[in-house]
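# Residue-level structure breakdown
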Amino acid sequence: MAVTPHHSDELMQIADVSIQVLKGGEGEPLLLLHGAGGNPGWLAYHQALAQRCTVYAPSHPGYDRSSRPDWISTMNDMAHFYRQFIEELSLAPVHLMGFSMGGWLAAEIAAMCPAYLKSLVLVDAAGIRPEVGEIAEILMVSQDVVKKLRFYDPTQVPDYDTVVNRQLTPEEEAVQWRNREMTSRLCWKPYFHNPKLPAYLRGVKVPALIVWGKYDAIIPLNCGELFQQALSNSRLHVIDRCGHSPALEKPQEFLQTVQAFLSKPN
Amino acid sequence: MKDRVEVFWFSEQPYGYVTDEDLSKYDSGRLGFPNTYFDPQKAHVLYNQYHEQYALADEVGFDGIMSNEHHASYWCMKPAVNLDAAVICKVTKKAKIAILGNVIAVNDPVRMAEEIAMLDCFSGGRIISGFVRGTAVESLHGGIDPSENFARFQEAHDLIIKCWTTPGPFRYEGQYYHYRAVNPWVVPIQKPHPDIWFPGTGSPESVVWAARHQHPYMNLGALVGMTEYLKGVYIDTAKEVGFTPGPEHFGYLLRVLCADTDDKAIDVGRTFMWTENHRQRGPREHNDPPGYQSREALQVKMNRPTIGTGTFGKKMGYDELRAVNNIIVGNPETVIKKLTEIIQRLNPGYLHIYGNEGPMAHQDVTRSIELLGKEVIPALHELELQPYE
């Protein structure tokens, strides 16, 4: 991932993990948790969020250049790691934002240590099994199939060819392969969810914004509705004509909604 | 040192009614191809033909019969190898029975131990117990995260051996298997337990694992050059471990069809190429999901012919495969000559003959078995195997 003047890219030693962290901006700490494919890098929305926050965008243990200790093999393990991450970097109270699989992780962290959070943002988050529809199969299918599922209309994704659809180098392919192995480890079964998560979230009063692409073909909108029911101090914002990745597909509406929330989560 | 080759009969037990046209409609030949194409009445007839072939192989002098297991496979109607082994126990009298093998990472290890023990008792101690990691599809079909396959396999292996050798009750609390009251009643006849074989298609780390445990390694149909490489990995590892490997530690599988004339054999043997384009067709994620195997193992498999057990490989035509003795067809004299070349080059203690395929006619297969048993195998038994350097 390229380092620009806007952010740094460093390996930090946190607990027993050597963790790659992209960091930039100034302001209240905002911890971004990436999804199943690994850290997307420092993109336009990271830069936008960094205008008002110090953005931390780590690669989870087992992804990209981050190491993986044997003890981290479930989403609960990962949440425990991030509790230690927040503590060691003294980030609390932190704004926590998770995308897709990272949204599941964010919800687990919120259930585990709600007092560490200033706010919670879940973006098309995994973690709760839908009552209507299914979480799409993305592990036993080709990446071309996953790309097609991800967006409502790829032509409205700025920089689709350079950000989403570009040809990877052999080294990048090898990193992707390792990332996918870690995702299998975390999300295989139960498939991309924790049946107990709604019960864990009971009583969590952290102000929460749930953002969802209305036509999310990977994690159905019903999951967003279920998160909203589980989190007593939450609201759901649905983005029309949008699929699984609103930060890429509808960046303006995504950023307006999220930034308004972050400036005044209560 | 084992100085004579033993010849085993093997069949995938294909459901030979499936055609290229049927398969072309679906995105993959295994996890995507539905069982609406399976007619159990036809399967009933086929199964019984395959069982007759087993009985005949025993009668005409095959040293053993080998069986295997695959799931979601139109080309292998054996989702439970122990059931097939039970049949072999009853329809044969002398032949060794090589279960090659139980997919122990996706099945309950204690139950595996109990079933194999039953089979050894049924057969009077003729069982050879092979354990496999399975193709990736077996893990996917079994609901297992493929990245756990090898670790589960190793733990299941240790637990099964413990069931056979440690009187219960005992506890077993591993990473994947947790039992607090293991007390199997049935144990095998053979002591300390049936021989354990480890078959593979090409993963070098699997070969290393087999050698470290001193389990004989059976290579399933790689080209001869690749097989020699993997055999070399076994020999080198054996030296590190501290034992001298010999032919008794190595076996090789290849497709063989014998007929009264070369022309007839070439014609019948063409069926070995049945649905060649569909066996491994599907997303890469089915045969090589992230975490299942190393990149080096993948490279080895890419250099193996495609057909056989439905994994990776390179496409080679029928004539090409015959030319390199990966498929051997001919009259008894031709088959003896070609198998002798293979045996002299590879020195395997065990030669597994993959003897039928697809819609190959039952009478052509039984004739092949007769000729192999009565003419070919006696000639192969005359060959003297050499020690490994």
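Residues numbered from 1 in each chain as written. Chains lettered and ligands numbered in written order. Predicted model: local features only at pLDDT ≥ 70, side-chain atom pairs only at ≥ 80, totals over all residues.

### Regarding the overall build of chain A
Secondary structure assignment for chain A yields 10 helices and eight strands. The globule rule puts the C-alpha radius of gyration for 266 residues at 18 Å, and the 17 Å found for chain A is close to it. Taken over the C-alpha atoms alone, chain A extends approximately 45 × 40 × 35 Å along its principal axes. (Helix = DSSP H or I, 4+ residues; strand = E, 2+ residues; numbered from the N terminus. Rg over C-alpha atoms; globule rule 2.2 N^0.38 Å.)

### A few points about the overall build of chain B
Scanning chain B for helices and strands turns up 14 helices and 11 strands. Taking 2.2 N^0.38 as the reference for a compact globule, 389 residues should give roughly 21 Å; the C-alpha atoms of chain B span a radius of gyration of 20 Å, in line with that estimate. Taken along the three principal axes of its C-alpha coordinates, chain B extends 60 × 50 × 40 Å. In chain B, which comprises 389 residues, the proportion classed as buried is 54%. When contacts within chain B are restricted to residue pairs at least 6 apart in sequence, those whose partners lie at least 24 apart make up 76%. (Buried ≥ 20, exposed ≤ 12 C-beta atoms within 10 Å, placed from the backbone. Contact = placed C-beta atoms within 7 Å.)

### Brief notes about the sheet that holds strand β8 (residues 234-239) of chain A
Residue and element names in this part refer to chain A. Read from one edge of the open sheet, eight strands run β1-β2-β4-β3-β5-β6-β7-β8, paired in mixed fashion. Pairing within the sheet leaves two strands with one partner each, and these edge strands are β1 (7-14) and β8. Here the strands of the sheet are splayed against their neighbours by 20 degrees on average, with no regard to which way each runs. Pairing between β1 and strand β2 (residues 17-24): eight bridges, direction antiparallel. (Pairing = 2+ DSSP bridges. Axes fitted to C-alpha atoms, helices over the stretch in contact; angles between N-to-C directions.)

### A short note on the interface of chain B and chain A
How big an interface is tends to be reported as the loss of accessible area on association of its parts. Every contact between the two is made by 12 residues of chain B and, on the other side, 11 residues of chain A. The greatest single-element share of the side of chain B that touches chain A, amounting to three residues, is contributed by helix α10 (residues 284-287) of chain B. Its residues assigned to classes, the side of chain B that touches chain A shows five nonpolar, four polar and three charged. (Nonpolar A, V, L, I, M, F, W, Y, C, P; charged D, E, K, R; others polar.)

### Things to note about the pairing of strand β7 (residues 208-213) of chain A
Residues and elements named next belong to chain A. Counting buried residues in β7 gives six out of six residues, a clear majority hidden from the surface. The alternating pattern of β7 places Ala208, Ile210 and Trp212 and Leu209, Val211 and Gly213 on opposite faces, both of which are buried. Note that strand β6 (residues 117-123) and β7 share four bridges and pair parallel. Each bridged residue has a counterpart across the sheet, and for valine 123 the counterpart in β7 is valine 211. Bridge analysis of β7 against β8 gives six bridges, and the strand direction is parallel. In the strand pairing of β8, isoleucine 210 is matched with leucine 236. Read from β7 through helix α8 (residues 221-230) to β8, the crossover connection turns out right-handed. (Right-handed = clockwise from strand over helix to strand, strands pointing away.)

### What about helix α6 (residues 149-165) of chain B?
It helps to recall that an α-helix has 3.6 residues per turn; residues three or four apart then point in one direction. All names here are of chain B. Compared with an ideal rise of 1.5 Å per residue, which puts 17 residues at 24 Å, α6 spans 24 Å between its outermost C-alpha atoms and is within 8% of the ideal. If you check which residues of α6 are buried, you get Asn149, Arg152, Phe153, Ala156, His157, Leu159, Ile160, Cys163 and Trp164. Here the buried face of α6 lies against α4 (109-123), β4 (127-132), α5 (136-141), β5 (170-173) and β6 (178-182). (Expected span 1.5 Å × (residues − 1).)

### A closer look at the pairing of β5 of chain B
Looking along a regular strand, one sees the side chains alternate between the two faces of the sheet. Residue and element names in this part refer to chain B. With three bridges joining them, β5 and β6 adopt antiparallel strand pairing. Bridged to phenylalanine 170 within β6 is valine 182. Between β5 and β6, which follow one another and run antiparallel, lie four residues.

### Regarding the confidence of the model for chain B
In regions of low pLDDT, the predicted coordinates are not meant to be interpreted in detail. All names here are of chain B. This prediction gives chain B a mean pLDDT of 93; 96% of its residues lie at or above 70. With pLDDT under 50 throughout, residues 307-311 is counted as low confidence; its partners more than four residues away or in other chains account for 19 contacts. Of the two predicted TM-score estimates for the complex, the pTM is 0.92 and the ipTM is 0.88. (pLDDT = per-residue confidence, 0-100.)

### Comments concerning helix α2 (residues 75-88) of chain A
Residues and elements named next belong to chain A. In a regular helix each residue adds 1.5 Å, so 14 residues correspond to 20 Å; α2 covers 20 Å between its end C-alpha atoms and thus fits that length. The complete set of buried residues in α2 reads Met75, Met78, Ala79, Phe81, Tyr82, Phe85 and Ile86. The buried residues of α2 occupy an angular sector of 160 degrees when the element is viewed end-on, so they sit on one face. Elements in contact with the buried residues of α2: β1, β2, β5 (94-99), α3 (101-112) and α6 (170-187). Serine 90 sits one or two residues past α2 and shows a positive phi near 50 degrees. (Arc of directions from axis to C-beta.)

### Here we look at the environment of arginine 171 of chain B
Within the secondary structure, arginine 171 of chain B sits in strand β5. Spatially, the C-alpha atom of arginine 171 of chain B lies 50 Å from that of lysine 25 of chain B, the residues being 146 residues apart in sequence.

### Some points on the nonpolar core
Of all hydrophobic cores here, the largest spans 90 residues; its most connected members are Phe8, Ile65 and Ile97 of chain B. The next biggest cluster of nonpolar side chains, apart from the first, holds 79 residues, and it includes Val21, Ala107, Ile218 and Leu262 of chain A. (Core = buried A, V, L, I, M, F, W, Y, C linked by C-beta atoms within 7 Å.)

### Here's the deal with the environment of proline 387 of chain B
Among the secondary structure elements, proline 387 of chain B is positioned in the segment after α14 (362-381). Excluding residues that lie within four positions of it along the chain, proline 387 of chain B makes contacts with Met1 and Gly246 of chain B.

### Considerations on the packing of α2 of chain A against α3 of chain A
Residue and element names in this part refer to chain A. Running from N to C, α2 and α3 point in directions that differ by 65 degrees, and their axes come no closer than 9 Å. For the crossing formed where α2 meets α3, the hand is right-handed. Contact residues: Met75, Asn76, Met78, Ala79, Tyr82 and Arg83 in α2; Trp104, Leu105, Glu108, Ile109 and Met112 in α3. Of the residues in the contact of α2 with α3, the class split is eight nonpolar, one polar and two charged. (Left-handed = near helix turned anticlockwise from the far one by under 90°.)

### Focus: the environment of alanine 136 of chain A
All names here are of chain A. Assignment of secondary structure puts alanine 136 in the loop between β6 and α4 (143-150). Taking the C-alpha atoms as reference points, alanine 136 and histidine 95, separated by 41 residues in sequence, lie 29 Å from one another. Discounting residues that sit within four places of it in the chain, alanine 136 has contacts with Leu149, Ala217 and Ile218.

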